[in-house]
Amino acid sequence: SSKPRLYVSAIICEKVIRDKNDLITAVNVNQGFSVTPTVVVPVDDEGKPDHTRALLFWTPILFYTIVTFLSDGPTEFSFFMRSVAPDGAIEMPSPPQVIPMSGAADGGITLNIRVSFNPQKQGDHYLELYVDDELINKMVLRIKHAEGVVSVIGNATQLPQGVL
């Protein structure tokens with residue numbers, strides 16, 4: 001006997017609100033982000049910026065992937081998600097998880113996946129969704145590097161909390 005048909009949809013958004021009735025609202029649905037690197041320039045013993053020891057880093061982007069599964073009948077399947085960078089490198093593979101479903105009458109299952117993403121590589125990344133080790137959905141996550149940098153001069157340990 002064959003497994004019931006499985007339907008999968010997914011979106012990327014910046015924030016998720018779940019109300020008291022367990023309904024989800026996706027806020028700022030999008031397909032990418034514009035990011036700016038941060039440069040921390042330490043100071044020398046005389047308090048002058050020492051640009052030879054400058055450190056450039058990319059603040060991770062936080063977003064959500066909402067994945068909904070619907071099925072024609074009772075089934076069980078494994079699911080995982082990963083990102084493929086513009087250069088083809090595999091990034092952030094998630095561990096597979098087994099998901100049981102009782103069937104069409106249960107209204108499906110919705111996963112709200114919080115993602116912390118390193119935006120260092122500019123270009124089109126692809127978030128790939130796999131069910132039973134088969135690619136079933138692919139979404140573009142476009143990363144654009146904005147011009148300029150955010151500069152912080154001074155000892156990073158002396159910055160106000162939350163700056164880095």
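This write-up is about the structure you can find in this document. Since the structure is predicted, the reported quantities are computational estimates derived from the model, not experimental observations. (Residues numbered from 1 in each chain as written. Predicted model: local features only at pLDDT ≥ 70, side-chain atom pairs only at ≥ 80, totals over all residues. Heavy atoms only, no water.)

### As for the overall build of the protein
So, point 1. Within the protein one finds zero helices and 13 strands.
So, point 2. The N-to-C order of helical and strand elements in the protein reads β-β-β-β-β-β-β-β-β-β-β-β-β.
So, point 3. Put simply, the protein has 164 residues, and 32% of those count as buried.
So, point 4. Contacts spanning at least 24 positions in sequence make up 65% of the contacts within the protein whose residues lie at least 6 apart.
So, point 5. Carbon and sulfur atoms make up 51% of the accessible area of the protein, which amounts to about 10100 Å² in all. (Helix = DSSP H or I, 4+ residues; strand = E, 2+ residues; numbered from the N terminus. Buried < 20%, exposed > 50% of the residue type's maximum accessible area, 1.4 Å probe, protein only. Contact = heavy atoms within 4.5 Å. Areas by Shrake-Rupley, 256 points an atom, 1.4 Å probe, with all protein chains shown as cover.)

### Examining unusual backbone geometry
So, point 1. Phi at N28 is positive, roughly 55°, even though this residue is not glycine.
So, point 2. Looking at the element boundaries, N28 is found in strand β2 (residues 24–29).
So, point 3. Judged by its relative accessible area of 47%, N28 is partly exposed.

### Examining the pairing of strand β6 (residues 61–71)
So, point 1. By the bridge criterion, eight bridges tie strand β1 (residues 6–18) to β6 in an arrangement that is antiparallel. Note that in β6 the partner of L6 across the bridge is S71.
So, point 2. Looking at chain direction, β6 and strand β10 (residues 109–117) are connected through nine bridges and run antiparallel. Paired with L62 across the two strands is S116, which belongs to β10. (Pairing = 2+ DSSP bridges.)

### Focus on the nonpolar core
Soluble globular proteins tend to bury their nonpolar side chains together.
So, point 1. Membership of the largest hydrophobic core comes to 23 residues, with the highest contact counts inside it found for F63, F69 and F79.
So, point 2. When residues of this core are traced back to their parent elements, those giving at least two are β1, β3 (32–35), β6, β7 (75–84), β9 (97–101), β10, β11 (123–131) and β12 (134–145).
So, point 3. Examining the composition of this core, we find that four residues originate from one element, β6, more than from any other.
So, point 4. If near-sequence neighbours (up to four positions away) are discounted, F69 is found in contact with L6, Y7, V8, F77, F79, I99, M101, G108, I109, L111 and V131. (Core = buried A, V, L, I, M, F, W, Y, C linked by side-chain atoms within 4.5 Å.)

### Brief notes about the environment of V35
So, point 1. Assignment of secondary structure puts V35 in strand β3.
So, point 2. Here V35 is in contact with W58, I61, P119, I143, K144, H145 and A146, once residues within four sequence places are set aside.

### What about the sheet that holds β6?
So, point 1. Taken together, four strands build an open sheet; the order of strands is β2-β1-β6-β10 and the sheet is antiparallel. Edge strands, defined here as strands with exactly one partner in the open sheet, are β2 and β10. For this sheet the average axis-to-axis angle between neighbouring strands, irrespective of direction, equals 45°. (Axes fitted to C-alpha atoms, helices over the stretch in contact; angles between N-to-C directions.)

### Comments concerning the environment of T38
So, point 1. In this structure, T38 sits in strand β4 (residues 38–41).
So, point 2. Judged by relative accessible area, which is 9%, T38 ranks as buried.
So, point 3. Sequence-wise, T38 and L55 are 17 residues apart; in three dimensions their C-alpha atoms are separated by 8.1 Å.

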